[in-house]
Amino acid sequence: MKKIIFILLMICSTQSFAEMYSGIDLKNGLESSDLTEQTIAHSIINTVVDSITTLESTEHIRLVCGPTNTTYQKVHTIILNSLNAHSETRYFGASRLVISILKEKYPCIKNKS
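In what follows, the accompanying structure is described. (Residues numbered from 1 in each chain as written. Predicted model: local features only at pLDDT ≥ 70, side-chain atom pairs only at ≥ 80, totals over all residues. Heavy atoms only, no water.)

The helix and strand tally for the protein chain stands at five helices and zero strands. Per-residue burial over the protein chain gives 35% buried out of 113 residues. For the protein chain, the exposed surface amounts to about 7300 Å²; the carbon and sulfur share of it is 58%. (Helix = DSSP H or I, 4+ residues; strand = E, 2+ residues; numbered from the N terminus. Buried < 20%, exposed > 50% of the residue type's maximum accessible area, 1.4 Å probe, protein only. Areas by Shrake-Rupley, 256 points an atom, 1.4 Å probe, with all protein chains shown as cover.)

Next up on the list: helix H2 (residues 23-31). Quick reminder: α-helices carry 3.6 residues per turn. Residues three or four places apart thus point the same way. Among the residues of H2, Gly23, Leu26, Lys27, Gly29 and Leu30 are the ones counted as buried. For H2, the buried positions fall inside an angular range of 165° around the axis, keeping them on one side. Packing partners of the buried residues in H2 comprise helix H3 (35-59), helix H4 (72-85) and helix H5 (94-105). Where H2 begins, the capping side chain belongs to Ser22, and its oxygen is found 3.2 Å from the backbone nitrogen of Ile24. (Arc of directions from axis to C-beta. Contact = heavy atoms within 4.5 Å. Polar contact = N/O pair within 3.5 Å; in protein donor to acceptor, adjacent residues only side chain to side chain.)

A separate point is the packing of aromatic side chains. In this structure the tally under the stated criterion is zero aromatic pairs. Its end group placed over the ring of Phe92, Arg96 keeps NZ or CZ at 4.1 Å from the ring centre. (Phe/Tyr/Trp six-rings, centres within 6.5 Å; stacked < 30°, edge-to-face > 60°. Lys NZ or Arg CZ within 6 Å of the ring centre and 35° of its normal.)

On to the pattern of salt bridges, then. Summed over all chains, the structure comprises two salt bridges. Between Arg62 and Glu56 there is a salt bridge, and its shortest N-O distance comes to 3.9 Å. (Salt bridge = Lys/Arg side-chain N within 4 Å of Asp/Glu carboxyl O.)

Here H3 is 25 residues long and its end C-alpha atoms lie 35 Å apart, about the 36 Å a rise of 1.5 Å per residue gives. Where H3 is concerned, the buried positions are Ala41, Ile44, Ile45, Asn46, Val48, Val49, Ser51, Ile52 and Leu55. Positive phi appears at His60, one or two residues downstream of H3, with a value of about 55°. (Expected span 1.5 Å × (residues − 1).)

In short, shape yes, function no, at least from these values alone.
Given below as structure tokens:
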């Protein structure tokens, strides 16, 4: 139970921080030549990915069903490409966008019974 509470707190605090940043901020950070802006954008994405991975490994909750050998750099590229392709979504919070983009890119196919 303590593990579940910790994971939920981690996700909530990450999402609260990341929600201060929109998809516009995330896109600008990923494309920026400023190291600080790049680091913030990369950190937001990496933290959301780590939260998803933690849920999968500890609670067996799968939000994304992508390949296990995907690198952070590949995920950054996926996020940036999606933000460039779908400008209408850039106004949403960064963490929500990262999760949505990854779920769209790597959906979990449910077995039909």
